[in-house]
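Here is how the chains run, residue by residue.
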Amino acid sequence: MVNGSLPTNLQIINCLSAQHNSFIHAVIAELYLYGNKYNLKPSTYVRTGRYCVQSRPKNAQEKPPYRRCNSQDSLDELAMDDYWKEIEIIQHSREGEVETQEELQLKVPDEGEQEEAWLTEAGLATLFDESASDPEDSMVLLSTLTRTQAAAVEKRVETLKQTLRKRNRPHHVPDVRDIFKQPTVEGEQVGAPQTSRSTWSSELHKSIRSCLCIRLGRLPSETVLNLEVSFSEQALNSRQLLKGSAAPSEADDKLPSFRFSQDRTGMTKVGDLAPEDMKKVRRLALIEMTALFDTVGIELKTHKALKLKVKESGLFGVPLVTLLEQDQRRLPGTKVPLLLQRLICHIEDEGLDTEGLLRIPGVATRVKVVCQELETKFYEGLFPWESLKQHDAASVMKLFIRELPHPLLTVEYLSAFISVLKLPTKKQQLQALNLLVLLLPESSRDTLKSLVEFFQRVIDHKEQNKMTLNNVAVVMAPNFMFKGFRSKITEQEEFAMATGTANILRLLIRYRNLLWTIPKFIMNQVRKQNAENQRKLNRERAMRKLLKKMAYDREKSDKPEKYSDIAQGFIRVQAPQFLKVSMAVQLTDDLQASDVLTRFLSQDTSLTVRREDVCLYEIGGNIKERCLDEETYMKALLELNPSAEWVIKSIQR
């Protein structure tokens, strides 16, 4: 390397074929590290997937040539020009503004603080703080964990124990060997359950078939995702299978098609469960995500946001939760900010065929005026939407996202989202993203879903608007960063975060129909926790029944009717919201939830409710409440939850 220029023999990169793009990407990462030392700047990523590095002095004003990215799949063909152009637009829009809002300040947790926070969020604070509530709930949770999940908990407890020992703090942290040592319950040893032999064997066969296909150069057109076995267990089985041989490489620049294997007990989407069960899901998702990263040897570092003063009212620069509280006072049940909904509707009403939609900025002066008018006229219904130009509306939408005091992907998990790309396979990346989506606060999760669905509708018109998946991801990436982040990182770190965020957005958009699903293995763990809590509750009720003989007799007399229906091949469905006391439905192997709804709606023609506004709910037993997927097979679900009741009511979303 002489006079600040790269040796010419590195130009051989340009001669490599497309199948070596993953290697090229790694080489370019190294070139950027050298570039920082020798004052080199990255040139444009061009659509052919080739790269070059050129020397540019710090005070250079020339801009890289502007190019469009035509590829829908290739990471290496991402035109990062759009990212830097978007950054320039954002900076230009802020010129002359007086900053009234604090920038978000990040704090790296102290030694041991991260483990304490993790255990608390996982519902296991009693493992280091004896004064924490619900010690029995913690033990029930621990009893449902898989071996990899248990290992993740043990690792954090042991790390915390060592840290507290260094500090000479008097906290009592139990020995990790004692944490999972549980008493025998009803003849069963309750502890970290192992994957059953038949399930493990099935997963092993799938892994072998997958490896053979990869090594023979045959990648399946569609990959089936197994939701019944813990993701971290699957990763461990794959690692053991490949031990001693090179891990199968995937085409890093392609997004394969995935689908879920059919579950006769029905798929569970975010929003289908009661809040009590979603709380359990979130705790299990945190443990499982950590276990997955531990299994593949990737360390996760979290950040926390320091408290900052934020606006308590208005539309822009207001915390998402505060904004939704404002909206819910006007429209109960609102899940996505009303302003964002209205902006999306306006952009779509103007037509999604507009070339450069989301990329071409609105006029900065007009956008500022629009924001001021929205602040004063939106809730009163006086804003003149008919005069709002489409590109201005898109710019307002992007400004709304980036002005949020806390990023939509949250400070706590933003680095985890970026770390997803370190996972070795697209399947594991998708699994980790699935868990991270479950970990997001409800307000962020619902708003993010609304946005990625809108982005996909824009992409559906790519032939007309020239906005492919890559283009949309790159243009929107800067708006998903937290405000002021560019002043806190180096140029190389910014480039890595730029490409990382764009890639994560690609995955969120591409797999939006899969990521908001709750895996069955987590649902089974929730059911197991509920069943154990229900047994405890039943014991307490039995004691009260001894003092209330009449209540006991009444409950006892109710049972034969319920179980006689099942014994005779019927289930009893109730619809109290619609003045129907109950309806007996014959139970067959092929009976689905959709069949029950069809029969209910056909029996009462006076109902004005729409089919999509009602749902058959599973209530009680080992679940609090669950809106059933219409393809749920009722007999299979009854076997999983024989004590459940079946109720038709309006969807609570």
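Predicted, not measured: the structure shown is a model, and the values here were computed from it.

**Re the overall build of the chain**
- When helices and strands are tallied, the chain shows 24 helices and 15 strands.
- Counting over 653 residues, the chain shows a buried share of 47%.
- Within the chain, counting contacts between residues at least 6 apart in sequence, those at least 24 apart form 75% of the total.
- Total accessible area computed for the chain in this model is approximately 32900 Å², and 52% of it derives from carbon and sulfur atoms.

**Regarding the state of the cysteines**
- Enumeration over the complete set of coordinates arrives at 1 disulfide.
- Put simply, Cys615 and Cys627 are joined by a disulfide, and their sulfur atoms are 2.1 Å apart. With the S-S bond torsion at 115°, the cross-link from Cys615 to Cys627 turns out right-handed. Within this pair, whereas Cys615 is found in strand 13 (residues 614-620), its partner Cys627 is found in strand 14 (residues 623-627), the two being separated by 12 residues in sequence.
- For Cys627, a relative accessible area of 4% corresponds to the buried category.

**With respect to helix 10 (residues 320-330)**
- Residues of helix 10 that are buried include every one of Leu320, Leu323, Leu324, Gln326 and Asp327, and no others. Viewed along the axis of helix 10, the buried residues span an arc of 155°, placing them on a single side of the element.
- Here the buried face of helix 10 lies against helix 11 (338-349), helix 13 (390-402) and helix 16 (442-459).

**Focus: the environment of Phe455**
- Mapped onto the secondary structure, Phe455 falls in helix 16.
- Looking at Phe455, the relative accessible area reads 0%, which means it is buried.
- If sequence neighbours within four positions are ignored, Phe455 has contacts with Leu358, Met397, Val472, Met476, Phe480 and Ile509.

**Digging into unusual backbone geometry**
- Its identity as a non-glycine residue notwithstanding, Thr410 has a phi of 70°, on the positive side.
- Checked against the element boundaries, Thr410 lands in the loop between helix 13 and helix 14 (411-419).
- For Thr410, a relative accessible area of 7% gives the class buried.
- A positive phi angle is found at Lys466, which is not glycine, with a value near 60°.

**Things to note about the side chain of Asp277**
- Its location among the elements puts Asp277 in helix 9 (residues 275-296).
- Given a relative accessible area of 0%, Asp277 falls into the buried group.

**Concerning the packing of aromatic side chains**
- With the rule as written, the count across this model stands at 7 aromatic pairs.
- Relative to Phe400, the ring of Phe316 lies with its centre 6.3 Å away and its plane at 75°, an arrangement referred to as edge-to-face. In this pair, Phe316 is assigned in the loop between strand 9 (304-305) and helix 10 and Phe400 in helix 13, connecting sequence segments 84 residues apart.
- Look at Phe400 and you get buried, because its relative accessible area is 1%.
- Among the aromatic residues, ring-to-ring pairing joins Phe378, Tyr379, Phe383 and Trp385 into one connected group.

Thresholds, definitions, all that
Residues numbered from 1 in each chain as written. Predicted model: local features only at pLDDT ≥ 70, side-chain atom pairs only at ≥ 80, totals over all residues. Heavy atoms only, no water. Helix = DSSP H or I, 4+ residues; strand = E, 2+ residues; numbered from the N terminus. Buried < 20%, exposed > 50% of the residue type's maximum accessible area, 1.4 Å probe, protein only. Contact = heavy atoms within 4.5 Å. Areas by Shrake-Rupley, 256 points an atom, 1.4 Å probe, with all protein chains shown as cover. Disulfide = S-S within 2.5 Å. Arc of directions from axis to C-beta. Phe/Tyr/Trp six-rings, centres within 6.5 Å; stacked < 30°, edge-to-face > 60°.

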